[in-house]
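Each chain is listed here by its residues.
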Amino acid sequence: MGDMPDETRADPAATTESRQRRARRAVTGAVAGWIAVRRHRLSAGELGHLPVTLVLAAVWIIFQCINSTFLSPRNLSNLSVDIVGTGLIAVGIVFVLLLGELDLSVGSISGLAAAVFAVLSVNNDVPEWLALIAAVLTGTVAGTLQGYSVARTRVPAFVVTLAGLLTWNGLMLAILGTSGTVNLDENGLVAHLTSYYFTDAGVAYVVAALATALVFLASFLNRRRRRAVGMAHRPLHTIGVRTGVVGMIAFASAYLLNQFQGLPLALLIFLAVVAGLDIMLRRTPCGRRVYALGSSVEAARRASLSVTGVQTAVLAVSGTLAATGGLFLASRITSVSQNSGSGVLLLNAIAAAVIGGTSLFGGRGTTWSAVLGILVIQSIASGMALTDTPTAVQLVITGGVLFAAVVIDSLSRHTQQAHGRA
């Protein structure tokens with residue numbers, strides 16, 4: 001047989017170039033599609049996490065310009081641990097805000113749980129793992145009692161939880177007794193929650209890879225499910241670009257953390273809890289009931305939703321996360337005192353949820369809102385500490401950011417109502 005004509009042969013270089021052009025067109029199309037969707041949502045008042053992301057970027061840029069150590073691996077690693085305690089409490093606040101309610105007792109519950117753990121493990125020689133379970137269950141019981149009271153009496157949650165704030169704080173003082181302060185074992189289970197780091201660099205990269213793979217899998221399965229029932233769904237190349245962005249953030253974070261002491265155990269637990277609760281809220285019937293009840297209580301009642309069950313469960317989740325956050329806060333300073341759960345803890349937790357994009361009017365927000373919000377608040381605190389700025393200024397700045405978030409939320413809601421989306 002003779003050689004094939006030149007025009008019928010496949011040129012490897014031309015084929016490679018053609019594939020590259022198709023890949024570039026796919027990426028460009030995905031980016032253009034994302035921009036178009038985002039522009040449409042912004043015009044309709046659906047801001048999402050854009051405002052808090054811009055604020056966080058601005059805070060980091062400003063403090064990095066003022067002090068070059070702000071974005072150092074050491075400071076970012078410390079920041080990733082500092083956000084966990086208050087961040088967990090803020091996640092619980094997100095659940096309550098989704099109902100259009102407010103939980104004022106989370107600070108006192110966190111202090112109560114820490115006191116229960118300290119007194120049981122240190123003063124009464126109860127094994128730490130058992131004392132830890134008892135402390136978390138204390139928060140669950142407290143939240144359940146408040147939730148049931150709200151559901152049955154129909155008294156606003158902020159009134160019931162205000163009473164809870166005083167009650168649980170008094171109970172904490174009674175449990176601690178006259179000693180006032182209990183020092184925790186620095187080598188104990190709870191102390192290791194914020195002091196343990198995975199020093200093997202591979203652990204952080206494996207976690208980053210798993211997180212990226214899970215984001216792609218969740219997006220792909222959601223696309224397939226929506227496509228099967230004829231609903232609008234994301235194109236595959238859009239999912240690919242989104243996954244790529246998440247992957248870059250995950251691996252960059254892993255690299256930075258490995259430059260100091262590795263992946264903190266506290267951060268891993270925090271992100272796992274946030275991701276798990278996010279899936280529960282957005283992908284399960286239980287989560288959809290929370291959003292439905294937050295959008296309209298009366299509509300939920302007409303749809304035969306168990307309003308009592310949902311409200312009780314949400315306040316129970318809030319109490320559980322408050323107790324867990326209290327243990328992380330106690331772990332950070334390895335002690336529990338009569339001041340545990342007091343100060344600006346409650347305000348910071350609520351501010352984190354609102355700044356992160358959770359609506360005060362109910363029905364809108366995610367658990368990741370708490371992560372972004374507490375990152376903003378703790379970044380401001382970290383930057384102020386590095387620059388020796390007075391605490392008073394920090395509070396003023398945080399208050400200003402919170403006020404701006406509330407105004408944006410209100411304007412966004414009015415815009416959505418005008419477009420028939422709220």
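Residues numbered from 1 in each chain as written. Predicted model: local features only at pLDDT ≥ 70, side-chain atom pairs only at ≥ 80, totals over all residues. Heavy atoms only, no water.

If you check an unreviewed UniProt entry, the chain appears there as Xylose transport system permease protein XylH from Streptomyces monashensis. UniProt, in its Subcellular location (unreviewed entry) section for the chain, records the words "Cell membrane". Looking at the Function (unreviewed entry) heading of the UniProt record, one finds this comment for the chain: "Part of the binding-protein-dependent transport system for D-xylose. Probably responsible for the translocation of the substrate across the membrane." (UniProt positions renumbered as here; feature names shortened; annotations may be inferred.)

**Brief notes about the overall build of the chain**
When you go through the chain residue by residue, the secondary structure sums to 16 helices and 4 strands. Within the chain, the fraction of its 422 residues that count as buried is 40%. Nonlocal contacts in the chain, meaning residues at least 24 apart in sequence, comprise 79% of its contacts between residues at least 6 apart. Total accessible area on the chain stands at roughly 21100 Å², and carbon and sulfur atoms take up 65% of it. (Helix = DSSP H or I, 4+ residues; strand = E, 2+ residues; numbered from the N terminus. Buried < 20%, exposed > 50% of the residue type's maximum accessible area, 1.4 Å probe, protein only. Contact = heavy atoms within 4.5 Å. Areas by Shrake-Rupley, 256 points an atom, 1.4 Å probe, with all protein chains shown as cover.)

**Section: the pattern of salt bridges**
Considering all chains together, one arrives at 2 salt bridges under this definition. Across the salt bridge formed by D82 and R332, the nearest N and O atoms sit 2.8 Å from each other. Remark: R332 occurs in helix α13 (residues 307-333) and D82 occurs in helix α3 (residues 73-98); sequence separation between them is 250 residues. With a closest N to O distance of 3.0 Å, D278 and R282 form a salt bridge. Residue D278 and its partner R282 are both found in helix α10 (residues 265-283); the two are separated by 4 residues, about one turn of the helix. A relative accessible area of 6% places D278 in the buried class. For R282, a relative accessible area of 39% gives the class partly exposed. (Salt bridge = Lys/Arg side-chain N within 4 Å of Asp/Glu carboxyl O.)

**A word on a positive patch on the surface**
A contiguous patch of positive charge, built from R225, R234, R242, R283, R288 and R289, is present on the exposed surface. With respect to the secondary-structure elements, R288 resides in helix α11 (residues 285-295). (Patch = residues over 30% accessible without salt bridge, like charges linked within 9 Å, V, L, I, M, F, W, Y side chains within 5 Å. Lys, Arg positive; Asp, Glu negative; His and termini not counted. Charge placed at Lys NZ, Arg CZ, Asp CG, Glu CD.)

**Focus: the environment of V317**
Along the chain, V317 turns up in helix α13. In this structure, the C-alpha to C-alpha distance between V317 and I93, residues 224 residues apart in sequence, is 9.2 Å.

**Describing the nonpolar core**
Core analysis: the largest hydrophobic core is formed by 84 residues, its most contacted members being V91, F270, V314, V336 and I355. At 15 residues, the largest contribution of residues to this core is made by α3. One finds A204, A254, L257 and L267 within the second-largest nonpolar core, a separate group that totals 7 residues. (Core = buried A, V, L, I, M, F, W, Y, C linked by side-chain atoms within 4.5 Å.)

**Focus on unusual backbone geometry**
Positioned with a positive phi, R154 is a non-glycine residue whose angle comes to about 60°. Counting through the fold element by element, R154 comes out in the loop between α5 (128-153) and α6 (157-176). One non-glycine residue, T334, lies in positive phi territory at about 45°. Along the polypeptide, T334 turns up in the loop between α13 and β4 (335-337). Given a relative accessible area of 21%, T334 falls into the partly exposed group.

**With respect to helix α8 (residues 201-228)**
Across its 28 residues, α8 extends 41 Å between first and last C-alpha, which sits within 8% of the 40 Å expected from 1.5 Å per residue. A204, A208, T212, S219, N222 and R223 are the residues of α8 that are buried. Structurally, α8 contributes buried residues whose contacts are with α9 (236-258), β3 (263-264) and α10. Sitting at the head of α8, D200 places a side-chain oxygen 3.0 Å from the backbone nitrogen of G202. Looking one or two places after α8, you find G230, whose phi comes out positive at around 80°. (Expected span 1.5 Å × (residues − 1). Polar contact = N/O pair within 3.5 Å; in protein donor to acceptor, adjacent residues only side chain to side chain.)

**A short note on α11**
Within α11, burial applies to G287, V290, Y291, L293 and G294. The buried residues of α11 occupy an angular sector of 165° when the element is viewed end-on, so they sit on one face. (Arc of directions from axis to C-beta.)

**A few points about the packing of helix α4 (residues 106-123) against α5**
At a minimum axis separation of 8 Å, α4 and α5 run at an interaxial angle of 150°. What the angle tells us is that α4 and α5 run roughly antiparallel. Judged by the sense of rotation from one axis to the other, the crossing of α4 with α5 is right-handed. Listed contacts from α5 to I109, L112, A113, V116, F117, L120 and S121 of α4 are E128, A131, L132, A134, A135, T138, G139, A142, G143 and Q146. Looking at side-chain class alone, the contact of α4 with α5 contains 11 nonpolar, 5 polar and 1 charged residues. (Axes fitted to C-alpha atoms, helices over the stretch in contact; angles between N-to-C directions. Parallel < 35°, antiparallel > 145°, perpendicular 65-115°, else oblique. Left-handed = near helix turned anticlockwise from the far one by under 90°. Nonpolar A, V, L, I, M, F, W, Y, C, P; charged D, E, K, R; others polar.)

**Topic: a nonpolar patch on the surface**
A cluster of nonpolar side chains, W129, L130, I133, L137 and L189, forms an exposed patch at the surface whose accessible area comes to about 490 Å². Along the chain, L137 turns up in helix α5. The class for L137 is partly exposed, based on a relative accessible area of 47%.

**Focus on the side chain of Q394**
Locating Q394 in the fold gives a position in helix α16 (residues 391-418). Take Q394: its relative accessible area is 17%, and that puts it in the buried class. If sequence neighbours within four positions are ignored, Q394 has contacts with I380, A381 and M384.

**Some words on the side chain of T398**
With respect to the helices and strands, the residue T398 is situated in helix α16. Of the polar contacts made by the side chain of T398, one reaches the backbone oxygen of Q394; its length is 2.9 Å. Aside from chain neighbours lying at most four places away, what touches T398 is I355, I377 and I380.

**A look at the packing of aromatic side chains**
Scanning all chains against the criterion turns up 4 aromatic pairs. Taking 6.0 Å as the distance between ring centres and 15° as the angle between the ring planes, the aromatic pair formed by F216 and F220 counts as stacked. Note that F216 and F220 are positioned in helix α8 at a spacing of 4 residues, about one turn of the helix. (Phe/Tyr/Trp six-rings, centres within 6.5 Å; stacked < 30°, edge-to-face > 60°.)

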